[in-house]
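What follows is the residue order along each chain.
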Amino acid sequence: QVQLVESGGGLVQAGGSLRLSCAASGIIFSINDMGWYRQAPGKQRELVATITSGGSTNYADSVKGRFTISRDNAKNTVYLQMNSLKPEDTAVYYCNADVRTILGEHAYWGQGTQVTVSS
């Protein structure tokens, strides 16, 4: 079993910044892709950003140029630096990791962290 623990959410004003962290723990062989997703009220969960084990990144168009995803493989941790935040960024943010364990490769999710951006 793998656990992803998120931190860093909060309330900020438009134009502000937050950095989210998500650390994976457990008996882990390796972690492939990691990513961040978000879900706003009344909307489906959407992809925000992903990063491969080699560091290749992908971003939703809505966050390009404002958000940066990174990872520390030694710590099994993925980060999301969120700059120039907008009210429409308000959502619960979830981290995701494709983790290889004794049971094989499976996707795991964090508990979610609330990000609220006020105007």
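Since this is a predicted model, take the numbers as computed values, not measurements.

Novice: Can you explain the overall build of the protein? Please cite residues and give values.
Specialist: Each helix and strand counted, the protein has zero helices and eleven strands in total. Listing each helix as α and each strand as β along the protein from the N terminus yields β-β-β-β-β-β-β-β-β-β-β. Taking 119 residues into account, the globule formula puts the C-alpha radius of gyration at 14 Å, and the protein, at 14 Å, falls close to it. Dimensions along the principal axes, computed over C-alpha positions, put the protein at roughly 45 × 25 × 20 Å. Evaluated residue by residue, the protein yields a buried proportion of 39% over its 119 residues. Restricting to contacts in the protein with at least 6 residues of sequence separation, those with at least 24 account for 54%. Carbon and sulfur atoms form 47% of the exposed surface of the protein, whose accessible area is close to 6200 Å². Here the protein carries 10 positive and 9 negative side-chain charges, and the mean point of each set is 3 Å from the other.

Novice: Quick one: what's the story with the environment of Ala60, residue by residue and with numbers?
Specialist: For Ala60, the location among the structural elements is in the loop between β6 (57-59) and β7 (67-72). The spacing of Ala60 and Thr50 is ten residues in sequence and 9.1 Å in space, taken between C-alpha atoms. In this view, Ala60 contacts Leu47 and Val48; residues no more than four positions away in its chain are not counted.

Novice: Can you break down the environment of Tyr37 residue by residue, with the values?
Specialist: Locating Tyr37 in the fold gives a position in strand β4 (residues 30-39). Filtering out sequence-adjacent residues up to four positions away, Tyr37 remains in contact with Arg45, Glu46, Leu47, Val48, Val92, Tyr93, Tyr94, Asn96 and Trp109.

Novice: Which residues make up the sheet that holds β7, and what are the values?
Specialist: Within the open sheet, the four strands sit side by side as β1-β3-β8-β7. Their pairing is antiparallel. The outermost strands of the open sheet, each flanked by one partner alone, are β1 (2-7) and β7. Between one strand and the next, the sheet's axes are offset by a mean angle of 15°, whatever the strand orientation. Here β7 runs beside strand β8 (residues 77-82); their pairing, made up of six bridges, is antiparallel. Across the sheet, residue Phe67 finds its bridge partner in β8, namely Met82.

Novice: Quick one: what's the story with the pairing of strand β10 (residues 104-109), residue by residue and with numbers?
Specialist: Bridge analysis of strand β9 (residues 91-101) against β10 gives six bridges, and the strand direction is antiparallel. Across the sheet, Val99 pairs through a bridge with His106, a residue of β10. Here β9 folds back onto β10, and the loop between the two strands holds two residues.

Novice: Mind laying out the pattern of salt bridges, listing which residues take part and the relevant values?
Specialist: One pass over the full model with this rule turns up four salt bridges. Between Arg38 and Glu46 there is a salt bridge, with its nearest N and O atoms 2.8 Å apart. Take Arg38: its relative accessible area is 6%, and that puts it in the buried class. We classify Glu46 as partly exposed; its relative accessible area is 35%. Between Arg66 and Asp89 there is a salt bridge, with the nearest N and O atoms lying 2.7 Å from each other. With Arg66 in the loop between β6 and β7 and Asp89 in the loop between β8 and β9, this pair connects stretches of sequence that are 23 residues apart. In terms of burial, Arg66 and Asp89 fall into one category: buried.

Calculation notes
- Residues numbered from 1 in each chain as written.
- Predicted model: local features only at pLDDT ≥ 70, side-chain atom pairs only at ≥ 80, totals over all residues.
- Heavy atoms only, no water.
- Helix = DSSP H or I, 4+ residues; strand = E, 2+ residues; numbered from the N terminus.
- Rg over C-alpha atoms; globule rule 2.2 N^0.38 Å.
- Buried < 20%, exposed > 50% of the residue type's maximum accessible area, 1.4 Å probe, protein only.
- Contact = heavy atoms within 4.5 Å.
- Areas by Shrake-Rupley, 256 points an atom, 1.4 Å probe, with all protein chains shown as cover.
- Lys, Arg positive; Asp, Glu negative; His and termini not counted.
- Charge placed at Lys NZ, Arg CZ, Asp CG, Glu CD.
- Pairing = 2+ DSSP bridges.
- Axes fitted to C-alpha atoms, helices over the stretch in contact; angles between N-to-C directions.
- Salt bridge = Lys/Arg side-chain N within 4 Å of Asp/Glu carboxyl O.

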